[in-house]
Amino acid sequence: MSDHTPDENRRQVLYWRLLARMFDHEEQPALEAASVAIVEDIGLPPALLDPSVSVDNLVQRFPDLQAELDGLLTAGDDDQRVRRAALVSKLLLNVMSTGSGSVTATRLADWQRDAGWLKRALGAEGAAELAGVLSGLEGDLVSRMRLREVLADPALARQLTPSMSLIEQLLRDKSNLSGVALANAKALIRRYVDEVAEVLRTQVQQTSVGAVDRSVPPKRVFRNLDLDRTIWKNLTNWDPEEERLYVDRLFYRQTAKRTTPARLIVVVDQSGSMVDSMVNCTILASIFAGLPKVDVHLIAYDTRALDLTPWVHDPFEVLLRTKLGGGNDGPVAMAMARPKITDPRNTVMVWISDFYEFDRSQPLFDGIQAVYRSGVKFIPVGSVNSSGHQSVNPWFRQRFKDLGTPVISGHIRKLVFELKNFLD
């Protein structure tokens, strides 16, 4: 005799049906019939079980479902567990079961919207954890599209929503596009660049670069006196009998302005594994280039190095000039970057790569070590993407740690934070 409650049995039916449809597109009549009976009994529409019906379409027909889907997977257990299981099954089936064969622009657009519903159901933290999986699924769908044909048809091209997976495919294939297809590809890249730039600009806008040069001692005048800090630092001199504080040392606020521009040198590995980083760092570099007293230089490399500094203010133009893929040769990039260091103490070098250099590992590390010891602020970054996932050569990771410059988290917010600390 089963110890399961009726609700637990119904949830199991729904999840067994989900697994069956995920791994076999043929319907299992018994599971389908039982699932239909369950959703009808709990007041949900049978259309919920049809994977060909998008979540958008479902919500349009049944508007009350929108409130239930938002934050669905962040809610705790309650009396609605069976209902939640049915809704979760819908989201997972529509997003995770992508089928096979060619993909149309409409199919990709529907999947992107369904994935958006799943992210909303997961909440910010859950969506971040699943970002790599969703990106992989989207990349597979994009690769199965006849993208050149879609781009050649303005009506189909308008259905495309720019995403990292789509932009990567466009950048790889741009040399094979012309005419209307090339124009539509450029429009999609421009849209994506503008959207990401808006997000990154929000993260950077609080940066007050050039405000205070902390290497210059503060002027010891009354208007610069830091009264709170002076009291705090002298509390050990408090005389309770006389109720008097004796001050041994005064503390002043630093107000000296940076007189020379800080130089930011961004070196990005544009080999096949670093596309996400290339796009994000190109946009980030352009934002910092627009700030006062920051002199930004941008270098991209694979087996050759390319100085993209003349176009650093326009990430769209930079991306059109990159050639993604191939191997990587870090020492070649370092040879181009080092002459740009004229004032080491006032220079930060950000190097974004997975650092898989193979026989060039030691020469690259020697160059990095020399730059670091000259006084340059060196920031190694494993990758820069939305999920923060990074894969870094363990050999380099350990040596950076020993050098005192550990590889920072790949999340874009972490890099912004590090740069703000240096530039403030």
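Residues numbered from 1 in each chain as written. Predicted model: local features only at pLDDT ≥ 70, side-chain atom pairs only at ≥ 80, totals over all residues. Heavy atoms only, no water.

Under an unreviewed UniProt entry, the protein chain has the name VWA domain-containing protein and belongs to Actinoallomurus liliacearum.

Evaluation of the coordinates by the stated rule reveals 10 aromatic pairs. Centroid distance Trp395 to Phe396: 5.1 Å. Interplanar angle 75 degrees. Geometry classified as edge-to-face. A relative accessible area of 0% places Phe396 in the buried class. In this structure an aromatic cluster arises from ring pairing among Phe355, Phe365, Phe378, Trp395, Phe396 and Phe400. Of note, Arg120 hangs over the ring of Trp117, and the distance from its end group to the ring centre comes to 4.1 Å. (Phe/Tyr/Trp six-rings, centres within 6.5 Å; stacked < 30°, edge-to-face > 60°. Buried < 20%, exposed > 50% of the residue type's maximum accessible area, 1.4 Å probe, protein only. Lys NZ or Arg CZ within 6 Å of the ring centre and 35° of its normal.)

Below, the discussion takes up helix H16 (residues 394-403). Burial in H16 covers these residues: Phe396, Phe400 and Leu403. Taken around the axis of H16, the buried residues stretch over an arc of 60 degrees, which confines them to a single face. Exposed residues lying more than 90 degrees from the buried face of H16 are Pro394, Lys401 and Asp402. Those residues of H16 that are buried lie in contact with helix H15 (361-373) and strand S7 (377-381). (Helix = DSSP H or I, 4+ residues; strand = E, 2+ residues; numbered from the N terminus. Arc of directions from axis to C-beta. Contact = heavy atoms within 4.5 Å.)

A surface patch of nonpolar side chains, amounting to about 430 Å² of accessible area, comprises Leu227, Ile231, Trp232 and Leu235. Looking at the element boundaries, Trp232 is found in helix H11 (residues 227-233). The class for Trp232 is exposed, based on a relative accessible area of 61%. (Patch = residues over 30% accessible without salt bridge, like charges linked within 9 Å, V, L, I, M, F, W, Y side chains within 5 Å. Areas by Shrake-Rupley, 256 points an atom, 1.4 Å probe, with all protein chains shown as cover. Salt bridge = Lys/Arg side-chain N within 4 Å of Asp/Glu carboxyl O.)

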